[in-house]
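Okay, here's what each chain looks like letter by letter:
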Amino acid sequence: MLIVDDLSIEIGDRSLVKEASFRVAPGDKVALVGRNGAGKTTMLKAIAGEFDRNSGTVDLGESYGWLRQEVRDDNTDNSRDTYDYIRESHPLVEVESELETLHRDIDKYVNDLDEQMKAVSKYSHAEEEFRHSGGYEINSDVERIAHGVGIDEEMLLSPLSNLSGGQRRKVELARLLLKGGEVLILDEPTNHLDVDAKKFVMDFLSETQAGVLVVSHDIELMDKSLTRVLALEDGRLEQYNGNYSHYLKERDEREEMRARQASVLAKEVGRLS
């Protein structure tokens, strides 16, 4: 679960976010909306620990995924094939490596029958758990998600260094969806995607058991996936239950109510003056 309490962010003399608090539980699909320049991306960066917050606390849970707008190489070896780079993010790859080590142990004890039988038993239990967890589906998972976000065979077999910025972002999206986590934080996940790839992402986010916090200009396309909307306006965060269409309707109703309240107050002030 993502837990944000009293988050405040300031840049110079401008308050981007003022004492924002909210939760994203498993299965929640939450959109962060607001006008351009409102501070949505900065807020996501602060939640992910990449931008200093002035106050407040953030608990990201045990595991989370974070998709930035910009691609960062960090310590990535760009000579590697795209397929291998995506594959290594699968949560069962480490278990796969441990299983290979256990298998080598069987041969290591070829002259010690008792130790070899122990190694066989240990490998058998680990292999069964690996199989039940879907370990033998790693490659098909990689290909399904890579193709889903629009990465073709040529891209998969190309070194990372050969990819454009837009292609690299598809790769980072594929890695995030493949790895998963308790919470997925995504900044414009549909950038550089065609219609089919956008639909794949929408369906994936709709079906995942993870909590999702997303900023997107294609928010209408995510309408069916959303369970809640956080609207950032003038630094204040308002929460709306329901999808994006419901948010638009309720936002208009709230604005009308505020306008009526302001009118009543103005008349009362005028009467008392």
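Scope of this entry: the structure provided in the associated data block. (Residues numbered from 1 in each chain as written. Predicted model: local features only at pLDDT ≥ 70, side-chain atom pairs only at ≥ 80, totals over all residues. Heavy atoms only, no water.)

## Regarding a negative patch on the surface
Which entries qualify depends on this criterion: Each patch is built from residues lacking any salt bridge and having more than 30% relative accessible area; the joining distance is 9 Å for like charges and 5 Å for nonpolar side chains (Val, Leu, Ile, Met, Phe, Trp, Tyr). Accessibility throughout is a Shrake-Rupley quantity obtained with a 1.4 Å probe, and a residue counts as covered only by protein chains that appear here. One speaks of a salt bridge when a side-chain nitrogen belonging to Lys or Arg is within 4 Å of a carboxyl oxygen belonging to Asp or Glu. A residue counts as positive if it is Lys or Arg and as negative if it is Asp or Glu; His and the chain ends are not included. Note that the charge is assigned to NZ on lysines, CZ on arginines, CG on aspartates and CD on glutamates. Helix and strand assignments follow DSSP, with helices taken as H or I runs no shorter than four residues and strands as E runs no shorter than two, numbered in order from the N terminus.
Together, E233, D234, E253, E255 and E256 give the surface a local cluster of negative charge. Tallying contributions element by element places helix α9 (residues 244-272) first for the negative patch, with three residues. In this structure, D234 sits in the loop between β8 (228-233) and β9 (236-241).

## Overview of the packing of aromatic side chains
We count it as follows: In summary, the pairing rule links any two rings of Phe, Tyr or Trp, Trp by its six-membered ring, whose centres are within 6.5 Å, and it sorts them by plane angle into stacked for under 30 degrees, edge-to-face for over 60 and tilted for everything else. Only protein chains enter the accessibility calculation, which uses a 1.4 Å probe; a residue whose area is less than 20% of its type maximum is buried, one above 50% is exposed, and one in between is partly exposed. We count a charge as sitting over a ring when the NZ of a lysine or the CZ of an arginine lies within 6 Å of the ring centre and within 35 degrees of the ring normal.
Inspection of the entire model under this criterion finds four aromatic pairs. Pairing F130 with Y136 gives two aromatic rings, centres 5.2 Å apart and planes at 85°, and the pair type is edge-to-face. In this structure Y136 comes out as exposed when scored by relative accessible area, which is 51%. Among the aromatic residues, those joined into a ring-pair cluster are Y240, Y244 and Y247. When the ring centre of Y85 is taken as reference, the NZ or CZ atom of R175 above it lies at 4.0 Å.

## With respect to the pattern of salt bridges
If the charged atoms of two oppositely charged side chains come close together, the side chains can form a pair. With the rule as written, the count across this model stands at 15 salt bridges. Between D203 and K224 there is a salt bridge, with the nearest N and O atoms lying 2.9 Å from each other. One end of the pair, D203, is in helix α8 (residues 195-207); the other, K224, is in the loop between β7 (211-215) and β8, with 21 residues separating them in the sequence. D203 sits in the buried class, given a relative accessible area of 18%. Residues participating in the shared-partner salt-bridge network are R80, E88, R168, E172 and R175.

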